[in-house]
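Survey of secondary and tertiary structure
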Amino acid sequence: MQALYAQLLVGLINGSFYALLSLGLAVIFGMLNIINFAHGALYMMGAFVAYFLLNLGGISYWWALLLAPVIVGIFGMILERTMLQWLTGLDHLYGLLLTFGIALIVQGVFQNYFGSSGLPYAIPDQLKGGMNLGFMFLPIYRGWVVIFSLVVCIATWFLIEKTRLGAYLRAATENPTLVRAFGINVPRMITLTYGLGVGLAALAGVLSAPINQVRPLMGADLIIVVFAVVVIGGMGSIMGSIITGFALGVIEGLTKYFYPEASNTVVFVLMVLVLLVKPTGLTGKAA
Amino acid sequence: MKKSIASFLLGTALAVTSAGIAFADDKIVKIGALSDQSGLYADLGGPGSTVAAQMAVEDSGLAAKGWKIDIISGDHQNKPDIGTAIARQWFDVDKVDIIVDVPNSGVALAVNNVIKEKNGVYINSGAATSDLTNAQCSPNTVHWTYDTYMLAHTTGQALVKAGGDTWFFLTADYAFGAALERDTSAVVTANGGKVVGGVKHPLNTPDFSSFLLQAQASKAKIIGLANAGGDTTNSIKQAAEFGIGKGGQKLAALLLFLTDVKAIGLETAQGLNFTETFYWDMNDQTRAFSKKFSEKMKNGAMPTMVQAGVYAGVRHYLKALEALGGNPHDGIKVVEKMKSMPTEDDLFGKGEIQPNGRTIHSAYLFEVKKPSESKGPWDFYKLVGTVSGDQAFTPLSESKCPLLKK
C-alpha cells in the first residue's frame, strides 16, 4: 500500500508536465485553431535557454523561470507573425505541417551542435535534498514542480475564463470581425496568445531541466503523449487539459508499478477508448 | 562470311573480358555505417562512427595504392525493420561490402541475418548482446569492442566480490537488456549473490522515478542498470535525486559510455565504477587519434569506445583486403582472412579474432573522477584495473556458437 502512495505521487509529478504542456496546446488550439506540433521543440528550447542563461550568463534557475518563457515566447511570436498568421482560415492540416516542419528544423539545429545525449543542469541549491514522507523519499524539487505547475495552470485558467482580457480572447475566437469592430486589435491579441502558449511550454522546459537531461529530443519524446492527453481531454478545453494532464500522469504511474512494460502505451490505449466512446474528448463540446 | 566470323570472335572476346572484370578481385570497397543517427544512442555511435570509419580509410593509405573506398551511412532509428531494410538495399542496390557499427542489440541481431544471407562482412562495434558470437554467431560477423558477457564478468563480478551480494535490475525491455541481465545474473549467482527482483522498462524512458522507487523498496544492495545511453543517464541522475546512494544502495552502471558521463556531469557521476575497452586518455596514440577525431566532430566530442571499435575494425578489415590483394566481394572469405591475422592497432593494442567472431582485447575498469580532479572538458576517468582479454570475454569452451563444432 505504501508503494502505491509513492507511485501516485510520482504520477502527479509527471502529470504536472503533461498538464502544463497540454494547457499551452489547448490555449493555442482554442484561440488560434492551430495544432501546434512545434510545442515539443519550444519546450526543449525553454530548457536550453535556462542552460545557456546559467552557463553563459551565470543567471540562476529562478530568473530562468521568468526569462526563458519570455525569450522563447518572443521567438514564438516571431513565428506567428512571420509564418503562422498566413494560415488563418485554412485547413488544420496546413498549420500542423508547418509547425511540424518548424519542430524538425529546430530540433535538427540543436542536435547538430549539442548531440543527442544532452547537457546536465543542476537542481538549484534551495531545492536540493528531500523529505522522508514515511512511505517514500520525496525530492524537494519534485514537490516544487507539482505545486508550481498547479499554480500556473490555475492562473492560466483564471486568466482565460474569468478576466476581461480572457473574455476578449474568447470573443475574438468566436467572431473576430465583430470584436475588431469594437476597436480591439485582434491580430495582436492572437500573437500574444500564441506567445502565452509557447511561454507555458518553455516554462515546463525550465522545470524539467534539472530532472531530465537538457536534450534536443526531450520534447519530441514527450509531445506525442501530450497530444494524446489533449485528445483525451478534449481539444481546446482549458480545464479539461489540466485535469487530464494530472490524471494521465497518475494512471501512467500506476501502470509503471503494475505492468511496467506497458507504461509507454497505456496513454494511447486510453486515447483509443475515449475516441471510440466520446470522440470529442472527455470535456470537449461537439464542433 | 569472313567478316561475320571476325565480329563474332571479337564479340566473344569482349564478353569474356568483361565477365573477367566482374568476377576477378577488384580494388573497389563500399563501407556502410549503420547506426542510430539521431536517437538515444546517436552520441555513442551515430555520426561519430561514420567519422571513425572515414579516418580508418584515410589512415590505411590504400587510396594511394589505387583502391577506391566509399563510405555511406544510414539511420536505423532503433527499429529492426528499418535496419534490415537499409541493409538489404545496401547489398542489393548500392553494392555495399561491409556494414559497421550497428548499436542496439535488437537491430544488430536482425541485421546479422541479412548480412549472412547476402554473404557480406559485418563488423559490429555498437551492440552489446553476446549472442552475436554465441548462439547466433555467423561466419560473416566480427564483434568488436565489448559485449554483455564482458560487462557482467568485469563490472558485475567486481561489485559482487566487493560485497554487493543482492541485486535488483532496471532492464531495458529488449534484446540488449535481456542479454545483459541474463549474463550479469549468472555472474551474481555464481559468486554466491542473489537477484531479489527487477523491472523491465520501455526503451527511451524519460522518467525513472517509479522504477527507482521499486528498486529502493527492494532493499537490494546493488541496483544493476541493464540499460544504455539516455536511459542510463536518466536513471543515474534521478537515482541521485531520490537519495538512493545515501540510503546505502549502490548503482551499478553495467554499461556506461564517455558521452553518458559528459551528459550526467561529474557532480552526479563521480565515483561510478564501470568497464570500457577504450578511453581517449590512455596513451600517446589514443590521445593523438582522439584529438584528430574531436576536430572532425561538430560538437568537439571525444570518441567513445564504440567509435574507436569502428575505427579499429575497419582498419583490420582493410588490412585483410590488402593481404588478399583485392576485394573478392565474398564475406566469408574476407572474415576468414581477418580471423587468421592477429589484430593490432593504436587504440586497442594487440588482440585476435576468435573462430566465433569475437575480438579479444583488454578491458579496463574505470572510476569517474571527482569534479576537483578533472582537468579538462573530457577528463573524466581514473583507471582502476585492467582485465586481460581472455578473462574478460567468453572462453571458447563456454561458447555455444555452432561454427565451433566444425
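Below or above, wherever it landed, is the structure these notes cover. (Residues numbered from 1 in each chain as written. Chains lettered and ligands numbered in written order. Predicted model: local features only at pLDDT ≥ 70, side-chain atom pairs only at ≥ 80, totals over all residues.)

1. A closer look at the overall build of chain A
Spelled out, the test is: Secondary structure is summarised from DSSP: a helix means a run of H or I of at least four residues, a strand means a run of E of at least two, and numbering begins at the N terminus for each. Using C-alpha atoms as the atom set, the radius of gyration is obtained and then compared with a globule rule of 2.2 Å times the number of residues to the power 0.38.
A tally of regular secondary structure across chain A gives 11 helices and two strands. Reading chain A from its N end, one meets helices and strands in the order α-α-α-α-β-β-α-α-α-α-α-α-α. Rg of the C-alpha trace for chain A: 19 Å, near the compact-globule value of 19 Å for 287 residues, within the 12% margin. Across its three principal axes, chain A shows a C-alpha extent of roughly 60 × 50 × 35 Å.

2. Quick look at the overall build of chain B
Our working definition: Whether two residues are in contact is decided by their C-beta atoms, placed from the backbone, lying within 7 Å.
Counting its secondary structure elements, chain B contains 14 helices and 15 strands. A compact globule built from 406 residues would reach a C-alpha radius of gyration of about 22 Å, and chain B, at 23 Å, matches this within 12%. Referenced to the eigenvectors of the C-alpha coordinate spread, the extents of chain B come out at roughly 100 × 45 × 35 Å. Across chain B, contacts joining residues at least 24 apart in sequence account for 74% of those joining residues at least 6 apart.

3. Description of the sheet that holds strand 12 (residues 349-353) of chain B
Hydrogen bonds between backbone atoms are what pair the strands of a sheet, whose relative direction is either parallel or antiparallel. Residue and element names in this part refer to chain B. Cut-off, in case you're wondering: Being paired, for any two strands, means DSSP has found at least two bridges between them.
An order of 11-12-13 is seen for the three strands of this open sheet, with the pairing classed as antiparallel. The outermost strands of the open sheet, each flanked by one partner alone, are strand 11 (343-345) and strand 13 (359-360). The pairing of strand 11 with strand 12 spans three bridges and is classified as antiparallel. If you follow Asp345 over to strand 12, its bridge partner there is Gly349.

4. Looking at the interface of chain A and chain B
Here is the rule we go by: Residue polarity is assigned by list, with Asp, Glu, Lys and Arg as charged and Ala, Val, Leu, Ile, Met, Phe, Trp, Tyr, Cys and Pro as nonpolar; anything else, Gly included, falls into the polar class.
On the chain B side, the residues contacting the 34 residues of chain A number 36 residues. Elements with a minimum of two residues in the side of chain A that touches chain B: helix 1 (2-32), helix 4 (92-114), strand 2 (137-139), helix 9 (218-233) and helix 10 (238-258) of chain A. Taken together, the residues of the side of chain A that touches chain B break down into 17 nonpolar, 14 polar and three charged.

5. Looking at the pairing of strand 1 (residues 28-35) of chain B
Residues and elements named next belong to chain B. Put simply, the rule is: Between the buried cut of 20 or more and the exposed cut of 12 or fewer other C-beta atoms within 10 Å of a residue's own C-beta lies the partly exposed class, and all C-beta atoms are placed from the backbone. Crossover handedness is defined here as right-handed if the route from the first strand over the helix to the second strand goes clockwise, with the strands pointing away from the viewer.
Taking burial as the measure, the eight residues of strand 1 include six buried ones, the bulk of the element. As judged from the eight bridges shared by strand 1 and strand 2 (residues 68-75), these two strands associate in the parallel manner. Bridge pairing links Ile28 to Lys68 in strand 2. This β-α-β element, strand 1 to helix 2 (residues 46-60) to strand 2, shows right-handed connectivity. The sheet contact formed by strand 1 and strand 3 (residues 98-101) spans four bridges and is parallel. Paired with Ile31 across the bridge in strand 3 is Ile98.

6. Quick word on helix 5 (residues 140-162) of chain A
Convention followed: Here the expected span of a helix is defined as 1.5 Å times the quantity of residues minus one.
Over its 23 residues, helix 5 of chain A extends 32 Å from the first C-alpha to the last, a length consistent with the 33 Å expected when each residue adds 1.5 Å. Along helix 5 of chain A, the positions that sit buried rather than exposed are Tyr141(A), Arg142(A), Val145(A), Ser149(A), Val152(A), Cys153(A), Thr156(A) and Ile160(A). Of the surrounding secondary structure, the elements contacted by the buried residues of helix 5 of chain A are helix 1, strand 2, helix 6 (164-174), helix 8 (186-208) and helix 10 of chain A together with helix 8 (230-241) of chain B.

7. A look at the sheet that holds strand 10 (residues 273-276) of chain B
Residue and element names in this part refer to chain B. Rules: Axes, fitted as lines to C-alpha atoms, cover a helix only where it is in contact. Angles between the N-to-C directions of the axes lie from 0 to 180 degrees.
In spatial order, the strands read 10-14-15; together these three strands make up an open sheet with antiparallel pairing. Lying at the two open borders of the sheet, with one neighbouring strand each, are strand 10 and strand 15 (381-387). Here the strands of the sheet are splayed against their neighbours by 30° on average, with no regard to which way each runs. Bridge analysis of strand 14 (residues 363-368) against strand 15 gives six bridges, and the strand direction is antiparallel. Counted as the bridge partner of Phe366 is Leu383 from strand 15. Contacting strand 10, strand 14 and strand 15, helix 5 (residues 148-161) runs over the sheet at an angle of about 155° to strand 10.

8. Details of helix 9 of chain A
Residues and elements named next belong to chain A. What counts, and what does not: The quantity called bend is, for any residue, the angle between two axes fitted respectively to the seven residues ending at it and the seven beginning at it.
For helix 9, which comprises 16 residues, the first-to-last C-alpha distance of 23 Å matches the rise-based estimate of 22 Å (1.5 Å per residue) to within 8%. In the structure, helix 9 departs most strongly from a straight axis at Ile224, where the bend amounts to approximately 25°. Taking burial as the measure, the 16 residues of helix 9 include 13 buried ones, the bulk of the element. Trailing helix 9 by a residue or two, Gly234 shows a phi angle of about 105°, which is positive.

9. Re the packing of helix 2 (residues 39-57) of chain A against helix 4 of chain A
Residues and elements named next belong to chain A. Quick note on the threshold: Angles below 35 degrees are treated as roughly parallel, those above 145 as roughly antiparallel, those between 65 and 115 as roughly perpendicular, and all remaining angles as oblique. Put simply, a crossing is left-handed when the front helix is turned counterclockwise from the back one by less than a right angle, and right-handed when it is turned clockwise.
In contact at an axis separation of 8 Å, helix 2 and helix 4 are set at 30° when each is read in the N-to-C sense. In terms of their interaxial angle, helix 2 and helix 4 are classed as roughly parallel. The hand of the helix 2/helix 4 crossing is left-handed. Contacts from Gly40, Ala41, Met44, Met45 and Phe48 of helix 2 reach helix 4 at Ile102, Ala103, Val106, Gln107 and Phe110. Of the residues in the contact of helix 2 with helix 4, the class split is eight nonpolar, two polar and no charged.

10. Focus on the nonpolar core
We apply this condition: Think of a nonpolar core as buried Ala, Val, Leu, Ile, Met, Phe, Trp, Tyr and Cys residues chained together by C-beta atoms that fall within 7 Å.
Ala202(A), Ile99(B) and Val314(B) are the most contacted members of the largest nonpolar core, which has 212 residues in total. Among residues more than four places away in sequence, those in contact with Val314(B) are Ile31(B), Ala53(B), Ala56(B), Val57(B), Val100(B) and Ile123(B).

11. Some words on the packing of helix 1 of chain A against helix 5 of chain A
All names here are of chain A. Between helix 1 and helix 5, the least distance of the axes is 9 Å, while the angle of their chain directions is 25°. With respect to helix 5, the axis of helix 1 lies roughly parallel. As helix 1 runs across helix 5, the sense of the crossing is left-handed. Taken together, the residues of helix 5 that come into contact with helix 1 (itself represented by Leu12, Ile13, Ser16, Ala19, Leu20, Leu23 and Val27) are Arg142, Val145, Val146, Ser149, Val152, Cys153, Thr156 and Ile160. Residues of the contact of helix 1 with helix 5, tallied by class, amount to 11 nonpolar, three polar and one charged.

12. Some points on unusual backbone geometry
With glycine set apart, most residues show a phi of negative sign, and most peptide bonds adopt trans. All names here are of chain B. Backbone geometry places Gln77, a non-glycine residue, at a positive phi of 55°. You will see that Asn104, though not glycine, has its phi angle at about 80°, which is positive. Residue placement: Asn104 occurs in the loop between strand 3 and helix 4 (105-118). The class of Asn104 is buried, set by 32 C-beta atoms lying within 10 Å.

13. Looking at the pairing of strand 12 of chain B
Residue and element names in this part refer to chain B. Connecting the antiparallel pair strand 11 and strand 12 is a turn made up of three residues. Note that strand 12 and strand 13 share two bridges and pair antiparallel. Bridge pairing in strand 13 places Glu352 opposite Ile360.

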